[in-house]
Amino acid sequence: GREEEMAALTAAVDESPQGPVVVHVRGLSGMGKSELVRRWLSLLRGRGDCVALTGRCNPQEIIPYKAFDSVVDELWELLRRMPVEQCIGLVPHHAAELTRLFPVLASLPGFDSEGADGAGRPDPHEARRRGFAAFRELVSSLARRSSLVLWIDDVQWGDIDSLRLLGALVGGP
């Protein structure tokens, strides 16, 4: 009974080659929003032309970037399963700053270096900006290879750092 909603979600993915699309699935508690998205993602994955990275915010969890914690874990798993050459080809500029935000990524080939510029560590605000830019570059590179969906369930329980990273990810050209 959710064909219209499923079609709207599919249309959003089909529009994504023109840039990031943000879809806000909302409704009363218990209406089946999460189940709707889970079923839609299952159908989308069945098409074989889409990568879906999912996460969930928990109001009791207190970690930085908590809206992206599970997403980055799934991203790490995706990159870990790739051939080494492909993974290295996706390493963004400022990977060192990205691994400071998400240390799990440092175990991937090419992500563990401090970078070739040898300029040392920037101030914390510049390091975060570079880390955000590196995350956007990495996600954009993946999205150029196939459709990419990031789903964060219960994002209303996210933290300010997650909000800023989400803004950097979908804002601008």
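Note that the structure is a prediction, hence the values are computed from the model and not measured. (Residues numbered from 1 in each chain as written. Predicted model: local features only at pLDDT ≥ 70, side-chain atom pairs only at ≥ 80, totals over all residues. Heavy atoms only, no water.)

(A) Layout of helix H7 (residues 160-170). Taken residue by residue, H7 has Asp161, Ser162, Leu165 and Leu169 as its buried positions. Looking straight down H7, one finds its buried side chains confined to an arc of 95°; they lie on one side. For H7, the elements touching its buried residues are helix H6 (124-145) and strand E2 (147-153). (Buried < 20%, exposed > 50% of the residue type's maximum accessible area, 1.4 Å probe, protein only. Helix = DSSP H or I, 4+ residues; strand = E, 2+ residues; numbered from the N terminus. Arc of directions from axis to C-beta. Contact = heavy atoms within 4.5 Å.)

(B) Representation of the nonpolar core in the model. Core analysis: the largest hydrophobic core is formed by 30 residues, its most contacted members being Phe68, Leu79, Leu98, Phe102, Phe111, Phe135 and Leu142. Elements with a minimum of two residues in this core: helix H3 (69-81), helix H5 (95-101), H6, E2 and H7. Counting residues per element, this core draws most heavily on H6, which supplies six residues. Those residues in contact with phenylalanine 111 that sit more than four places away from it in its chain are Leu79, Cys87, Val91, Pro92, Ala95, Leu98, Thr99, Leu105, Ala106 and Leu138. Grouped together as the second largest cluster of nonpolar side chains are twelve residues, Met6, Val13, Cys50 and Trp151 included. (Core = buried A, V, L, I, M, F, W, Y, C linked by side-chain atoms within 4.5 Å.)

(C) Geometry of the pairing of E2. Most of E2 sits out of view: six of its seven residues are buried. Two strands pair when backbone bridges link them, and strand E1 (residues 50-56) and E2 are joined in this way by seven bridges, in the parallel orientation. Following the sheet pairing, glycine 55 is matched in E2 by isoleucine 152. (Pairing = 2+ DSSP bridges.)

(D) Main features of the confidence of the model for the protein chain. Looking at the protein chain as a whole, the pLDDT averages 87, with 92% of positions reaching at least 70. Least confident of the elements in the protein chain is helix H1 (residues 3-15), whose mean pLDDT is 85; most confident is H3, at 96. (pLDDT = per-residue confidence, 0-100.)

(E) Representation of the pattern of salt bridges in the model. For the structure shown, the criterion picks out twelve salt bridges. The partner of arginine 39 in a salt bridge is glutamate 35, with the nearest N and O atoms 2.9 Å apart. Residue arginine 39 and its partner glutamate 35 are both found in helix H2 (residues 33-47); the two are separated by four residues, about one turn of the helix. The exposure class of glutamate 35 is partly exposed, given its relative accessible area of 34%. Arginine 130 is paired through a salt bridge with glutamate 126; the nearest N and O atoms lie 3.1 Å apart. Placement of the pair is arginine 130 and glutamate 126 together in helix H6, with a separation of four residues, close to one helical turn. Judged by its relative accessible area of 19%, arginine 130 falls in the buried class. Three or more residues are tied together by salt bridges with common partners; here these are Glu97, Arg100, Glu126, Arg129 and Arg130. (Salt bridge = Lys/Arg side-chain N within 4 Å of Asp/Glu carboxyl O.)

(F) Inspection of unusual backbone geometry at higher detail. Phi angles above zero are rare outside glycine, and tyrosine 65 is one such case at about 55°. When you line up the elements, tyrosine 65 lands in the loop between E1 and H3. For tyrosine 65, a relative accessible area of 6% puts it in the buried group. At histidine 94, a position not held by glycine, the phi torsion is positive, near 60°. Along the polypeptide, histidine 94 turns up in the loop between helix H4 (84-89) and H5.

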